[in-house]
Amino acid sequence: MSGSTLGELFRVTNFGESHGPAIGCVIDGCPPGLALSEADIQPELDRRRPGTSRHVTQRNEADAVEILSGVYEGQTTGTPICLLIRNTDQRSKDYGNLLDTFRPGHADYAYWRKYGVRDPRGGGRSSARLTAPTVAAGAVAKKWLQHKHGMRFIGWMSALGATEIPFEGFEHIPNNPFFAANASLIPELEAQMDQLRRDGDSIGARISVIAQGVPAGLGEPLFDRLDADIAHAMMGLNAVKGVEIGDGFRSIAQRGSEHGDELTPEGFTSNHAGGVLGGVSTGQDLVVSLAIKPTSSIRVPRASIDRAGHLATVQTFGRHDPCVGIRATPIAEALLALVVMDHVLRHRAQCGDVELPLPQIPASAPR
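The next point concerns the packing of helix α5 (residues 226-234) against helix α7 (residues 329-351). The N-to-C vectors of α5 and α7 enclose an angle of 140°; their axes lie 9 Å apart at closest approach. Handedness of the crossing formed by α5 with α7: right-handed. When α5 is examined against α7, the residues Leu226, Asp229, Ile230, Ala233 and Met234 are found in contact with a partner set consisting of Ala332, Leu335, Leu336, Val339, His343 and Arg346. Looking at the contact of α5 with α7, its residues break down into eight nonpolar, one polar and two charged.

Take a look at the structure:
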């Protein structure tokens, strides 16, 4: 299957299936000399893994990562890094009723029409389980970018269904199961999710993610723009149906006098552009938002067809996330880090000798 590799100089190839023996990735292009061990990667996987609260799938996977190559005596060698995550808690029997039918809103039908065959066990390659290797690769990129450039990547849930989640502070994100930058609204969100599980239904979410400490100059016009590559990567995340950079669709109602970020010797006065102009980073925070659709695997009976084209009714049993957006925050951070990492290396290759007489304008504060 093509389409499993992201990046050019920092290339990540994802492999495996949801109910296969293992999933993983190969990272090609990581610079040598980076101190790296499983302990650098595991905390990020622990943030994403299933079974961490009653609001997500109860599939019990340890998501323990193994480094199979590319590291010697605790340092990257510059050769391909293979990361392996073994599957240990598959329940393929839960998908027995989906062998000949298709879940509305799921990739089942589209995969079957494309390949003529599909793996119904947990969705196969279309499963969100395949985001674990992405998070593992993102942990490597995050460490290198923090070490070399002091960058930070911070994500949070900013809406659960129709419920807007006001931003109260970054310090709240690790203290609740929603990755919400909020403390006061958590009981309401918990009650909403409990009712959703009782209903056997699902809901969408909006995830926000920023990158801090990004240097100016990343991105390659016309068709390898930084924002285009961010959108490309984010749309590769399961269930994402929309990507905004900066103010995104809110820009439609803004006038140019409001939207254009004014510059002063002390920095930009705003960041409506989300840190990218003309496809090139400005040195401000990169600001990205994702629209995540409701999970298609639900207990509510839905009309569908079987492989013979006959009318059928589909119910999905087993263990599923009523809102896949709950675990999407560390994945969005990882994807943004992978894109930035690739562009840092590309910029270094072409424009590493560029020097300007003026210092970089300081970035404005996060929105």
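Alright, that's what it looks like, and here's the rest.
Let's shift gears to the packing of helix α1 (residues 38-48) against α7. Contact geometry of α1 with α7 gives a least axis separation of 8 Å together with a crossing angle of 135°. Taken together, α1 and α7 sit at an angle that is classed as oblique. Along the contact surface, α1 presents Glu44, Arg47 and Arg48, while α7 presents Thr329, Pro330, Ile331 and Glu333. A class-by-class count of the residues in the contact of α1 with α7 yields two nonpolar, one polar and four charged.

Taken in spatial order, the five strands of this open sheet run β9-β8-β10-β16-β11, and their pairing is antiparallel. On the outer flanks of this sheet lie β9 (163-164) and β11 (240-245), each paired with one strand and no other. In terms of strand pairing, strand β10 (residues 205-212) meets strand β16 (residues 286-292) through seven bridges, oriented antiparallel. Following the sheet pairing, isoleucine 207 is matched in β16 by leucine 290.

For strand β7 (residues 81-86), the buried fraction is high: five of the six residues fall into the buried class. Here six bridges tie strand β3 (residues 22-28) to β7, and the two strands are oriented antiparallel to one another. Residue pairing in the sheet places valine 26 in a bridge with cysteine 82 of β7. Where strand β4 (residues 65-67) and β7 come together, three bridges link them in antiparallel fashion. Bridge pairing links valine 65 to isoleucine 85 in β7.

Here the focus is the environment of isoleucine 67. Counting through the fold element by element, isoleucine 67 comes out in strand β4. Filtering out sequence-adjacent residues up to four positions away, isoleucine 67 remains in contact with Leu36, Ser37, Glu38, Ile41, Ile81, Cys82 and Leu83.

Another aspect to go through is the nonpolar core. With 72 residues, the main nonpolar core has Phe10, Ile27, Ile41 and Leu336 as its most contacted residues. Of the residues forming this core, the biggest block, 12 residues, is contributed by α7. Ile154, Ile173, Phe179 and Ala181 belong to the second-largest nonpolar core, a separate cluster that totals seven residues.

This model, assessed by the stated rule, comprises 20 salt bridges. Residues arginine 86 and glutamate 66 are paired through a salt bridge, measuring 2.7 Å at the closest nitrogen-oxygen approach. In this pair, arginine 86 is assigned in strand β7 and glutamate 66 in strand β4, connecting sequence segments 20 residues apart. Across the pair glutamate 333 and lysine 142 runs a salt bridge, and its minimum N-O distance is 2.7 Å. You can see glutamate 333 sitting in helix α7 and its partner lysine 142 sitting in helix α3 (residues 131-149), a full 191 residues away along the chain. Here glutamate 333 matches lysine 142 in class, with each residue buried. Connected via shared salt-bridge partners are Glu8, Glu220, Asp224, Asp229, Asp342 and Arg346.

About the cut-offs
Residues numbered from 1 in each chain as written. Predicted model: local features only at pLDDT ≥ 70, side-chain atom pairs only at ≥ 80, totals over all residues. Heavy atoms only, no water. Axes fitted to C-alpha atoms, helices over the stretch in contact; angles between N-to-C directions. Helix = DSSP H or I, 4+ residues; strand = E, 2+ residues; numbered from the N terminus. Left-handed = near helix turned anticlockwise from the far one by under 90°. Contact = heavy atoms within 4.5 Å. Nonpolar A, V, L, I, M, F, W, Y, C, P; charged D, E, K, R; others polar. Parallel < 35°, antiparallel > 145°, perpendicular 65-115°, else oblique. Pairing = 2+ DSSP bridges. Buried < 20%, exposed > 50% of the residue type's maximum accessible area, 1.4 Å probe, protein only. Core = buried A, V, L, I, M, F, W, Y, C linked by side-chain atoms within 4.5 Å. Salt bridge = Lys/Arg side-chain N within 4 Å of Asp/Glu carboxyl O.

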